[in-house]
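# Architecture at a glance
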Amino acid sequence: IMSIFGEVPQAAPVAVFKLTADFREDQNHSKVNLGVGAYRTDECQPWVLPVVRKVEKMIADDHSLNHEYLPILGLPEFRSSASKIALGEDSPAIKDNRVGAVQCLGGTGALKIGAEFLRRWYNGTDNTKTPVYVSAPTWENHNAVFSNAGFEDIRPYKYWDAGKRGLDLEGFLGDLESAPDHSIFVLHACAHNPTGTDPTQDQWKKIADVMKRKSLFAFFDSAYQGFASGNLDKDAWAVRYFVSQGFELFCAQSFSKNFGLYNERVGNLTVVAKDQDNLNRALSQMEKIVRITWSNPPSQGARLVAITLNTPELFAEWKDNVKTMAERVLLMRAQLKEKLKALGTPGTWEHITEQIGMFSFTGLNPKQVEYLVKEKHVYLMASGRINMCGLTTKNIDYVAESIHEAVTTVQ
Amino acid sequence: GIELISFLSFFFFFYRPAIFLCFHFFLSSWWTEVQMGPPDPILGVTEAFKRDTNSKKMNLGVGAYRDDNGKPYVLSCVRKAEALIASKMLDKEYLPIGGLGDFNKACAELALGPDSEVLKSKRSITVQTISGTGSLRIGANFLSRFHTVARDVYLPKPSWGNHTPIFRDAGMQLKAYRYYDPATCGFDFTGALDDVSKIPEHSVIMLHACAHNPTGVDPRPEQWKELSAVIKKRKLLVFFDMAYQGFASGDIDRDAWAVRYFLEQGHSVLLSQSFAKNMGLYGERVGGFTVVCADAEEAKRVESQLKILIRPIYSNPPMNGARIASTILSTPELRSTWLEEVKGMADRIIKMREMLVTNLKKEGSTHNWQHVIDQIGMFCFTGLKPEQVERLTKEFSVYMTKDGRISVAGVTSGNVGYLAHAIHQVTK
């Protein structure tokens, strides 16, 4: 039959999901999945936060609640409490009524709405040619989000120094300097994905200085607040610093990891503007974008987060749950480094504990990665990125030995 | 005043470049040129309704079902499904990009029927979407990227207000075919056939599967058959929007008849489904997008491309609503409860239509109100003119959209008399 779709080519699968699919099919009982970025307990199981189970039950038992449409911009009590998490309870910007938000489908959705708005309204009404800078490397979906929003010029900014396995600050600052004024920069608020390498406070100050001088737009991606250090405020330092320096900015927040609400798609685009009037006009345009994308956002996850953040005992319990996750990750980092050192694995492994958050850029090269996947059934991304949450006290020896083998066998 | 100016002049002189930039930075906003977006016409109606203090006020604007007490209705099958799901203590891991597999399967079966040849040959792909809007958006993006032989999407005149901006934003061009006949408040069958027969080959034609929004006017089966033939002749790509399956007639198979007929006739359709109304899952955002392909291999290719479209928008869809819908559709007792409840909603709407006409006659209206009964689904195109609508709102606190559309779901046995009285007053 002649088909309209006869010419539709098979698209390559999204790498990180293919990795998990391959892992699932693998029959080897030593297999370890260090791919997808989701938290796992020491039993290698997904973890629904105790506070989430509690609030879920509250919602289910409350028969006064229904499934009516949320407003286009989302649940008001979710939006405001989520923005407070990012900017701080006492944020002067919030007090000045110049902070607003759009509830979105996860962090991805927040980036999407922000990108679509910027393309239409940022610097003139056609920003298709405005450069968008993403870190080298960055989350693989950043590029697609911005290019699908119509941006034609997406460039890398230097970030990861493979040689020293740390931040290439000079390169970063250099790219900021040479960027055309008004360019858009996607910044990772904390726990950089995939490298786990964050600028220090002093380094952030330098970055902010250049951005202010050159009128560069700060679009923060905050997917790990609380998860990185275990402390919400510490993880939000960079965003709050930029706000204190007078930037108008976006912060795409995800509650997938820090609330463990991955599949409920809970996200928030926090918008900081100069004043309320500018904020309101911007939000009105974002509403139009939302209406032709998903009309209005899903209610379950937002309700859950709003109730938790707005109820003192539940908020405290949540912070505790977050700390539990962050601490397990820190423990695995410490132990992996110890074991590699004990094995005498060639190279330096300080970066394992210097890096922060869920991910570590091990520095393993593609051949070594292939060895790990094929020979040792240890699944990680071709970039050498591992998800620390995939490590447990039961598999960490095997993983350390496997890395040792890969490094000594394959160059 | 003066002091401030001297102070600023002094600073400006000495710190010119830095201050210039600081002033620019601190005083101007990136969003200065952003225009205020126009208020949403339908939401505007609800806002005005909320402000009204008249105890008899009626909101016939928004399309969400209300029970006979004017309250939102959570279906009991939904509550039961929720309890079932809660007891399973499921995790919250990401769904695949294409959504919950069980849901996609049940969603497709619901629309296409369990005996569908398309499903048996596995030559369709269904992905979970963010309700109907999300489904239409993915479809629009898919057409924009892959249906390069034609850019035009033909909508019925009128159509749901959001269709146009969705397709336009995706890069398609919008055209229209005649549909609603204001003279009869019914279907302009000859006009539709005439227009459709002239649509350039390979264009996309949007069809409302049942319960046309906003008019409530649906083609009869014989008319659908003729439309199918002309559409086939013109080699048009059919895109069905089915947001009210079960909700229109009360019978899910009857409401899906047009979709299934077109498939039997060999059309390879695109299909958007929503569970917002028929399961009352509005805010959970439950929907599906289906592409019918030539064969299973092509369906796989199309699936891979749909994922590429979805990932940069929201990565993967929300679990809660899809899990509820899937549980209902695949648990026999829940499914039969659902069928009863959706019939209940449809029957109440039909009853309100009948009561409205009865009451209009009782009021002494001599107009022909047959269309109120002939039309189907949540909405009714009353035929009221803008001035009459304005009077209804100002004098009687009855709120509806300017095109004369009412949401019958907002009518109850308690207020239908008042509504009839009000309508009669502005039309006699």
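Residues numbered from 1 in each chain as written. Chains lettered and ligands numbered in written order. Predicted model: local features only at pLDDT ≥ 70, side-chain atom pairs only at ≥ 80, totals over all residues. Heavy atoms only, no water.

- Under an unreviewed UniProt entry, the name given to chain B is Aspartate aminotransferase, and the source organism is Cyprinus carpio.
- Quoted verbatim from the Subunit (unreviewed entry) heading of the UniProt record, the comment on chain B is "Homodimer."
- Taken verbatim from the UniProt record of chain B, the Subcellular location (unreviewed entry) comment is "Mitochondrion matrix". (UniProt positions renumbered as here; feature names shortened; annotations may be inferred.)

- Per an unreviewed UniProt entry, chain A goes by the name Aspartate aminotransferase and belongs to Cyprinus carpio.
- The record held by UniProt for chain A lists under Subunit (unreviewed entry) the comment "Homodimer."
- Quoted verbatim from the Subcellular location (unreviewed entry) field of UniProt, the annotation for chain A is "Cytoplasm".

### A short note on the overall build of chain B
- For chain B, the count of helices and strands is 18 helices and 13 strands.
- Oriented by its inertia axes, the alpha-carbon framework of chain B measures out at about 85 × 65 × 55 Å.
- Counting across all 428 residues of chain B, residues that qualify as buried make up 59%.
- In chain B, 75% of the contacts between residues at least 6 apart in sequence involve partners at least 24 apart.
- Carbon and sulfur atoms form 57% of the exposed surface of chain B, whose accessible area is close to 17,900 Å². (Helix = DSSP H or I, 4+ residues; strand = E, 2+ residues; numbered from the N terminus. Buried < 20%, exposed > 50% of the residue type's maximum accessible area, 1.4 Å probe, protein only. Contact = heavy atoms within 4.5 Å. Areas by Shrake-Rupley, 256 points an atom, 1.4 Å probe, with all protein chains shown as cover.)

### Brief notes about the interface of chain A and chain B
- Between chain A and chain B, the residue contacts involve 82 residues of the former and 77 residues of the latter.
- Buried area between chain A and chain B, both sides added, is near 6,900 Å², and the carbon and sulfur share of it is 58%.
- Taken as a group, Phe 5, His 67 and Asn 263 of chain A account for 12% of the area that chain A buries against chain B, more than any other trio of residues on that side.
- Where chain A packs against chain B, one counts 6 salt bridges.
- Between Lys 92 of chain B and Glu 264 of chain A there is a salt bridge, with the nearest N and O atoms lying 3.8 Å from each other.
- Our count for the contact surface shared by chain A and chain B stands at 29 residue pairs in polar contact (both at pLDDT 80 or more). (Buried area = accessible area lost by both parts, 1.4 Å probe. Salt bridge = Lys/Arg side-chain N within 4 Å of Asp/Glu carboxyl O. Polar contact = N/O pair within 3.5 Å; in protein donor to acceptor, adjacent residues only side chain to side chain.)

### A word on the pairing of strand S4 (residues 173-178) of chain B
Residue and element names in this part refer to chain B.
- Of the pairings in the sheet, the one linking strand S3 (residues 152-157) to S4 comprises 6 bridges and is parallel in character. Across the sheet, Pro 156 pairs through a bridge with Tyr 177, a residue of S4.
- Once the chain exits S3 it traverses helix H8 (residues 163-169) before rejoining the sheet at S4, and the crossover so formed is right-handed. (Pairing = 2+ DSSP bridges. Right-handed = clockwise from strand over helix to strand, strands pointing away.)

### Focus on the pattern of salt bridges
- Evaluated as defined, the whole model comprises 48 salt bridges over all chains.
- Between Arg 213 of chain A and Glu 177 of chain A there is a salt bridge, and its shortest N-O distance comes to 2.8 Å. In this pair, Arg 213 of chain A sits in helix H8 (residues 201-213) while Glu 177 of chain A sits in helix H7 (residues 169-178), placing the two residues 36 residues apart along the sequence.
- A relative accessible area of 37% places Glu 177 of chain A in the partly exposed class.
- Linking Arg 178 of chain B and Asp 194 of chain B is a salt bridge whose minimum nitrogen-to-oxygen distance equals 2.9 Å. Taken together, the positions of Arg 178 of chain B in strand S4 and Asp 194 of chain B in helix H9 (residues 189-196) put the pair 16 residues apart, joining distant regions of the chain.
- The exposure class assigned to Arg 178 of chain B is partly exposed, which follows from its relative accessible area of 32%.

### Describing the packing of helix H14 (residues 319-330) of chain B against helix H15 (residues 332-363) of chain B
Residues and elements named next belong to chain B.
- Relative orientation of the contacting elements H14 and H15 amounts to 100 degrees, with a least axis distance of 5 Å. What the angle tells us is that H14 and H15 run roughly perpendicular. In this structure, H14 contributes Thr 327, Ile 328, Leu 329 and Ser 330 to the contact, and H15 contributes Pro 332, Leu 334, Arg 335 and Trp 338.
- Its residues assigned to classes, the contact of H14 with H15 shows 5 nonpolar, 2 polar and 1 charged. (Axes fitted to C-alpha atoms, helices over the stretch in contact; angles between N-to-C directions. Parallel < 35°, antiparallel > 145°, perpendicular 65-115°, else oblique. Nonpolar A, V, L, I, M, F, W, Y, C, P; charged D, E, K, R; others polar.)

### Quick notes on the UniProt feature "domain: Aminotransferase class I/classII large" (unreviewed entry) in chain B
- What UniProt calls "domain: Aminotransferase class I/classII large" (unreviewed entry) maps, in this numbering, to residues 56-423 of chain B.
- The distance separating the terminal C-alpha atoms of residues 56-423 of chain B is 14 Å; by composition the span is 46% helix and 15% strand.

### Side note on helix H11 (residues 276-291) of chain A
All names here are of chain A.
- Between the first and last C-alpha of H11 there are 22 Å, a value that for 16 residues agrees with the 22 Å anticipated at 1.5 Å per step.
- Inspection of H11 places Asn 278, Leu 279, Arg 281, Ala 282, Leu 283, Ser 284, Gln 285, Met 286, Ile 289 and Val 290 among the buried residues, and these make up the whole buried set.
- Its buried side turned inward, H11 meets strand S2 (99-105), helix H5 (106-121), strand S9 (249-254) and strand S10 (266-272). (Expected span 1.5 Å × (residues − 1).)

### Details of the side chain of Ser 222 of chain A
- Relative to the elements of secondary structure, Ser 222 of chain A occurs in strand S8 (residues 217-222).
- Those residues in contact with Ser 222 of chain A, other than ones at most four positions away along the chain, are Ala 189, Cys 251, Ala 252, Gln 253 and Ser 254 of chain A.

### Re the packing of helix H4 (residues 76-87) of chain B against H15 of chain B
Residues and elements named next belong to chain B.
- One way to put it is that H4 packs onto H15 with a least axis distance of 8 Å and a crossing angle of 155 degrees. As judged from the angle between their axes, H4 and H15 are roughly antiparallel. Here Ser 76, Cys 77, Lys 80, Ala 81 and Leu 84 of H4 come into contact with H15, specifically with Leu 334, Thr 337, Trp 338 and Glu 341.
- A class-by-class count of the residues in the contact of H4 with H15 yields 5 nonpolar, 2 polar and 2 charged.

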